[in-house]
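Each chain is listed here by its residues.
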There are 2 protein chains.
Amino acid sequence: MAELTPRKQQILATIIELYVATGEPVGSKAICSEMGNSVSSATIRNDMSDLVEIGLLEQPHTSAGRIPSQAGYRYYVDNLMTTYELGIEEQERIKIWLQSFSGEPDKLLEKAGAILAELTDCVAVSSSPSDSEAFIKRIELVPLSNHTAMIVLLATSGILKSAVVRSDTEINVDIAEVFYNITQSYFVGKNVSDITLTFIQTLVASLGDRVFIMSPFLCAISDLCEAVKTTELHLKGQSNILNHPELSDDAFRLMDFLHRGTPLESLLTSQKAPLNVAIGTENSYRELKNSTTIFSKYAVGDKDAGSIGIIGPTRLDYAKLIPSIKYLAGIIGSFLSETLDEE
Amino acid sequence: MAELTPRKQQILATIIELYVATGEPVGSKAICSEMGNSVSSATIRNDMSDLVEIGLLEQPHTSAGRIPSQAGYRYYVDNLMTTYELGIEEQERIKIWLQSFSGEPDKLLEKAGAILAELTDCVAVSSSPSDSEAFIKRIELVPLSNHTAMIVLLATSGILKSAVVRSDTEINVDIAEVFYNITQSYFVGKNVSDITLTFIQTLVASLGDRVFIMSPFLCAISDLCEAVKTTELHLKGQSNILNHPELSDDAFRLMDFLHRGTPLESLLTSQKAPLNVAIGTENSYRELKNSTTIFSKYAVGDKDAGSIGIIGPTRLDYAKLIPSIKYLAGIIGSFLSETLDEE
DNA sequence: CGTTAGCACTCTCGGTAGGTGAGTGCTAAC
DNA sequence: GTTAGCACTCACCTACCGAGAGTGCTAACG
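Numbering of residues begins from 1 in every chain and follows the order in which that chain's sequence is written. Throughout, the order in which chains and ligands are written sets their labels, letters from A for the former and numbers from 1 for the latter. Given that this is a predicted model, residues contribute local features only at a pLDDT of at least 70 and side-chain atom pairs are listed and counted only at 80 or more, while totals for whole chains, interfaces and linings are drawn from all residues. In computing side-chain properties, one takes all heavy atoms of the structure into account and sets aside hydrogens as well as water.

Visitor: I would appreciate a short explanation of the pairing of strand β4 (residues 136-143) of chain B in the present structure.
Guide: Regular strands place their side chains on alternate faces of the sheet. Residue and element names in this part refer to chain B. Pairing between strands requires that DSSP locate at least two bridges from one strand to the other. Per the convention used, a helix needs a DSSP run of H or I reaching at least four residues, while a strand needs a run of E reaching at least two, with both numbered from the N terminus. The pairing of β4 with strand β5 (residues 148-155) spans seven bridges and is classified as antiparallel. Pairing of Ile-136 across the sheet is with Ala-155, part of β5. Between the antiparallel neighbours β4 and β5 lie four residues.

What follows is the structure, given as structure tokens:
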């Protein structure tokens, strides 16, 4: 991108800020008065038509104001934008509100998504921590009734999963002991990716007659290990799509996209940079061609564990949203890492 | 409602079925051919204008076909409709798919809602079992790390809740024992409604120096008891609102209503009959004046524990949806009651 | 050469008019 | 009570007009 004169930069920034605020194409007069009438509207018109020329602005039709193009937003985000953070008291409120869920990663990410949706008026997507290289730290059996028990699995990367198992045989102290012996010797300390079907099968073969009692439990553990590796998504503020008129044509396709699951999941997992802003067709899915996605990874310890971010129209207050998302990702990471340290 | 001649009943039913299928106002000719030309279109026109007269039909404008009024749907549901059940193989699929969650009531209801949304193309709402008269059956402490532990609370009415607690002091065997002594003597067997703030306070007073260690746990238990009493809602298929053109004007208000929480909750809890069909303005919320709600309660043991149902347009295939919802409510009840029996 | 004033031009938007067709309501006959 | 015939109504579509906002261009200015 060629260098722009300072005035053109100022004009571009002004157009974007006005357009983001109003949603209306911005005319030369409006910019003129916004810039304190330091130059005439004719001058601005000249500059604007240059900006259209190089693709940073668009005009919906010949005789309307200008709106930013995707490239215009991109230039703004990369070069012009001056970000402004959340207020201190707002940061504190969020921190306190999230703290109560800091022990339960799934709930924490769900709530963080809800907060983000509220904060941004966009659809918020968050993924619970997952890690295919996580290690099993602990497995507990919690008897609930004579025939049901809860299995709780704690893994590295701040991951906690549980499931309820029903057994045909009565769950008593003996069975619990067998369970602990098996899990201690064969599961705890292992990488969750090693708990494959063949692993379970060879294990089962060596169990002798305890196999019948144990198999539902072993299956459950294998499911839990699978869950540790799997990205679990939380979607919040879906109704916010309807808040943005520029998305209303796509509303149905977007909703459908959000619920299809897999593409959204790969969207999150394919992020490479810690913070990723994809504007319009920069997104790899054509359903998002009129949308912007902003996602930030959060780390547990020093490992990326998941992401949180938003999907909204391209017309967004980038200067405000980007710091908010960064802040949330940071706080999630620190909460989840806390649990980790306390070994 | 005055008695209708058999032919008028047939005309009303035909109009409703055609209108439900196509969404277009139904003309006399269409009815005529649908009824096998047994009478002429003029005759049908006469009958139709009688049906408009008594309020069972409406005409969008003078020269369009007729559509059912709310009262028309009501008459159809009460008198004319012949319901048709889900296919056996579909019932089996649902059963098997839900079975795997039968131990975890919250997940079970969530999945049931997802299935219902899929099945009906409507927004599905389900509530996890809750019961302010439930008794605490069991409380377990699961140590996760030196400073965190999970508390699992099992109550009657098939309710299972858990939370993670962080403690400043190290969680060791001694503390676990103290925990078990306290919960066994003061909590297990009690009605969840008796675990009030004052109860906790008097208990704390009698604890002596163990209070500092125990208070986070006791707070968590009190929160869990609160959760047992609280209706937890699961919303699924929200994007289906956009599938129904007649709701698109209300889409935003509806979405907003769904997310406001409290009114939706009271909608579910205020249901008196086991199955409740509210058409249009029969709903107590004006946001739903163009919608139909169909909700069925499910029972755990012989006690109503929660509800499941849908919110959709008034133009619904009542004959198919009502049995589906009944079936799901029945299966949920039987799964949750199963766990109960196994004491 | 960058900047500015002036002015004709373009295009959207809202409102209005005429034509079309589906479906009705009424009347008179069966 | 039922039916055929026919005039009538009303939404929908298209075309058209006028107003207004904003531009693009040209010529003059410093």
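Visitor: How should the protein's contact with DNA strand D be read in this particular structure?
Guide: The local shell around DNA strand D holds 20 residues, among which Ser-28 of chain A together with Arg-7, Thr-43, Thr-62 and Ser-63 of chain B are the closest. By atom count, sugar and phosphate contribute 76% of the portion of DNA strand D lying within 4 Å of the protein. In protein, a polar contact means a hydrogen-donor-capable atom and an acceptor-capable atom, both N or O and within 3.5 Å, with residues adjacent in sequence counting only if both atoms are side-chain atoms; elsewhere, any N or O pair within 3.5 Å suffices. Taking Arg-7 of chain B, its side chain carries an N or O atom lying 2.7 Å from a phosphate oxygen of DNA strand D. Breaking the surface near DNA strand D down by element, the ones donating at least two residues are α3 (41-53) of chain A together with α3 (41-53) of chain B. For the surface near DNA strand D, the leading source of residues is α3 of chain B, giving four residues. Residues are counted as near a molecule or strand when any one of their heavy atoms sits within 4 Å of it.

Visitor: Would you take a moment to explain the layout of surface pockets for this structure?
Guide: Space left empty within the atom packing is revealed by a probe, the size of a water molecule, rolled over the atoms. Residues and elements named next belong to chain A. Only protein atoms enter the calculation, which uses a 1 Å grid: trapped sets of points that fit a 1.4 Å probe without letting it out are cavities, open sets showing protein on both sides within 12 Å along at least five of seven lines are pockets, and any residue with an atom within 4 Å of a point is a lining residue. Grid points are joined across faces, edges and corners, and a volume is the space filled by probe spheres set on the points. Quantified by volume, the second largest pocket comes out at close to 320 Å³. Glu-58, Glu-246, Lys-289, Asn-290 and Thr-314 are, among the 15 residues lining the second largest pocket, the residues nearest its centre. Counting residues per element, the ones that place at least two in the lining of the second largest pocket are β2 (67-68) and α4 (70-80). Classification convention: Asp, Glu, Lys, Arg as charged; Ala, Val, Leu, Ile, Met, Phe, Trp, Tyr, Cys, Pro as nonpolar; all other residues, Gly among them, as polar. Looking at the lining of the second largest pocket, its residues break down into four nonpolar, five polar and six charged. Two domains share the lining of the second largest pocket, each providing at least three of its residues, namely domain 1 (6-80) and domain 2 (88-130 + 231-342). Where each domain starts and ends follows an automatic or database-derived domain assignment.

Visitor: How should I be thinking about the packing of aromatic side chains in this particular structure?
Guide: What describes a pair of aromatic rings is the distance from one ring centre to the other and the angle between the planes of the rings. The rule is short: rings of Phe, Tyr and Trp, with Trp giving its six-membered ring, pair when the centres are within 6.5 Å, and they are stacked under 30 degrees, edge-to-face over 60, tilted in between. Enumeration over the complete set of coordinates arrives at 12 aromatic pairs over all chains. Relative to Phe-199 of chain A, the ring of Phe-187 of chain A lies with its centre 5.7 Å away and its plane at 80 degrees, an arrangement referred to as edge-to-face. Taken as a pair, Phe-187 of chain A in the loop between α7 (173-186) and α8 (197-205) and Phe-199 of chain A in helix α8 lie far apart in primary sequence, 12 residues in all. Relative to Tyr-318 of chain B, the ring of Tyr-73 of chain B lies with its centre 5.6 Å away and its plane at 50 degrees, an arrangement referred to as tilted. Here Tyr-73 of chain B, found in helix α4 (residues 70-80), pairs with Tyr-318 of chain B, found in helix α12 (residues 318-341); they are 245 residues apart in sequence, far enough to count as distant. Both residues of the pair, Tyr-73 of chain B and Tyr-318 of chain B, count as buried. Our definition puts a charge over a ring when NZ of Lys or CZ of Arg is within 6 Å of the ring centre and also within 35 degrees of the ring normal. Just above the ring of Tyr-19 of chain A sits the side chain of Arg-315 of chain A; from NZ or CZ to the centre is 5.8 Å. Burial classes follow relative accessibility: with a 1.4 Å probe on protein chains only, a residue under 20% of its type's maximum area counts as buried, one over 50% as exposed, and anything between as partly exposed.

Visitor: Can you walk me through the sheet that holds strand β9 (residues 291-300) of chain B in this structure?
Guide: Picture the strands of a sheet paired through backbone hydrogen bonds; they go either parallel or antiparallel. All names here are of chain B. Spatially, the five strands line up as an open sheet ordered β7-β3-β10-β9-β8, and their pairing is antiparallel. Edge positions in the sheet fall to β7 (233-236) and β8 (275-279), since each of these pairs with one other strand and no more. Direction aside, neighbouring strands of the sheet carry axes that sit 15 degrees apart on average. Pairing geometry for β9 and strand β10 (residues 303-313), over 10 bridges, is antiparallel. Each bridged residue has a counterpart across the sheet, and for Tyr-298 the counterpart in β10 is Gly-306. Every residue pair with non-hydrogen atoms within 4.5 Å of one another is taken to be in contact. Axis angles are defined between N-to-C directions and span 0 to 180 degrees, where every axis is a line fitted to C-alpha atoms and, for a helix, only to the segment in contact. Lying on the sheet, helix α11 (residues 262-269) is in contact with β3 (123-127), β7, β9 and β10; it crosses β7 at an angle near 105 degrees.

Visitor: Looking at this model, I keep getting lost on the interface of chain A and chain B. Mind explaining?
Guide: Many descriptions give the size of an interface as the accessible area lost when the pieces come together. With 33 residues of chain A in contact, the opposing surface of chain B contributes 33 residues. Note on definitions: buried area is the accessible-area loss of two parts on being combined, 1.4 Å probe, summed for both. With both sides pooled, the region where chain A packs onto chain B buries about 3000 Å², and carbon together with sulfur makes up 59% of that total. The salt bridge definition used is simple: a Lys or Arg side-chain nitrogen within 4 Å of an Asp or Glu carboxyl oxygen. In this structure, the connection of chain A to chain B is made through two salt bridges. Arg-166 of chain A serves as the salt-bridge partner of Glu-338 of chain B, at 2.7 Å between the closest nitrogen and oxygen. Remark: the boundary between chain A and chain B carries nine residue pairs in polar contact (both at pLDDT 80 or more). Listed by contribution, the elements that provide at least two residues to the side of chain A that touches chain B are β4 (136-143), β5 (148-155), β6 (159-166), α10 (251-260) and α12 (318-341) of chain A. Ranked by residues supplied to the side of chain A that touches chain B, first place goes to β6 of chain A with five residues.

Visitor: Looking at this structure, I do not really get α10 of chain A. What am I missing?
Guide: Note that an α-helix has 3.6 residues per turn; residues three or four places apart therefore point the same way. Listed in full, the buried residues belonging to α10 of chain A are Ala-251, Leu-254, Met-255, Phe-257 and Leu-258 of chain A. Buried residues of α10 of chain A fall within an arc of 160 degrees about the axis and therefore sit on the same side. On its buried side, α10 of chain A packs onto β3 (123-127), β7 (233-236), α11 (262-269), β9 (291-300) and β10 (303-313) of chain A together with α10 (251-260) of chain B. Directly after α10 of chain A, the chain includes Gly-261 of chain A, whose backbone phi takes a positive value near 85 degrees. What the arc covers is the set of directions going from the helix axis to the C-beta atoms.

Visitor: Explain the relation of the copies chain A and chain B to me, please; I cannot follow it from the model alone.
Guide: Note on the chain copies: they are related by a rotation about an axis and a translation along it. The least-squares superposition of copies is restricted to C-alpha atoms, and to residues with a pLDDT of at least 70 in both copies. Least-squares fitting of chain A to chain B yields an RMSD of 0.1 Å, with the superposition described by an axial translation of 0.0 Å and a rotation of 180 degrees. Here the symmetry operator amounts to a two-fold rotation axis. Within chain A, Val-142 of chain A has its C-alpha nearest the rotation axis, a separation of 3.7 Å. Take the interface residues of chain A: 100% of them recur as interface residues in chain B, which is what a same-surface contact looks like.

Visitor: I would appreciate a short explanation of the sheet that holds β4 of chain B in the present structure.
Guide: All names here are of chain B. Read from one edge to the other, the open sheet built from three strands follows the order β4-β5-β6, with strand pairing classed as antiparallel. Bordering the open sheet on either side are β4 and β6 (159-166), each of which pairs with just one other strand. Averaged over all pairs of adjacent strands, the angle between their axes in this sheet comes to 15 degrees, without regard to strand direction. Contacting β4 and β5, helix α7 (residues 173-186) runs over the sheet at an angle of about 170 degrees to β4.

Visitor: So what exactly am I meant to see when it comes to the protein's contact with DNA strand C here?
Guide: Around DNA strand C, a shell composed of 21 residues is seen, among which Arg-7, Thr-43, Thr-62 and Ser-63 of chain A together with Ser-28 of chain B lie nearest. Close to the protein, within 4 Å, the atoms of DNA strand C are drawn from sugar and phosphate at a rate of 74%. Ser-40 of chain A is positioned such that a nitrogen or oxygen atom in its backbone is 3.0 Å from a phosphate oxygen of DNA strand C. Note that a phosphate oxygen of DNA strand C is positioned 3.4 Å from one of the side-chain N or O atoms of Gln-59 of chain B.

Visitor: I keep staring at the side chain of Ser-127 of chain A and nothing clicks. Help me out?
Guide: Residue and element names in this part refer to chain A. With respect to the helices and strands, the residue Ser-127 is situated in strand β3. Judged by relative accessible area, Ser-127 falls into the buried class, the value being 2%. Here Ser-307 takes part through its backbone nitrogen, which lies 2.9 Å from a polar atom of the side chain of Ser-127. When near neighbours in sequence (up to four residues on either side) are disregarded, Ser-127 contacts Leu-109, Thr-231, Glu-232, Leu-233, Leu-268, Tyr-298, Gly-306 and Ser-307.

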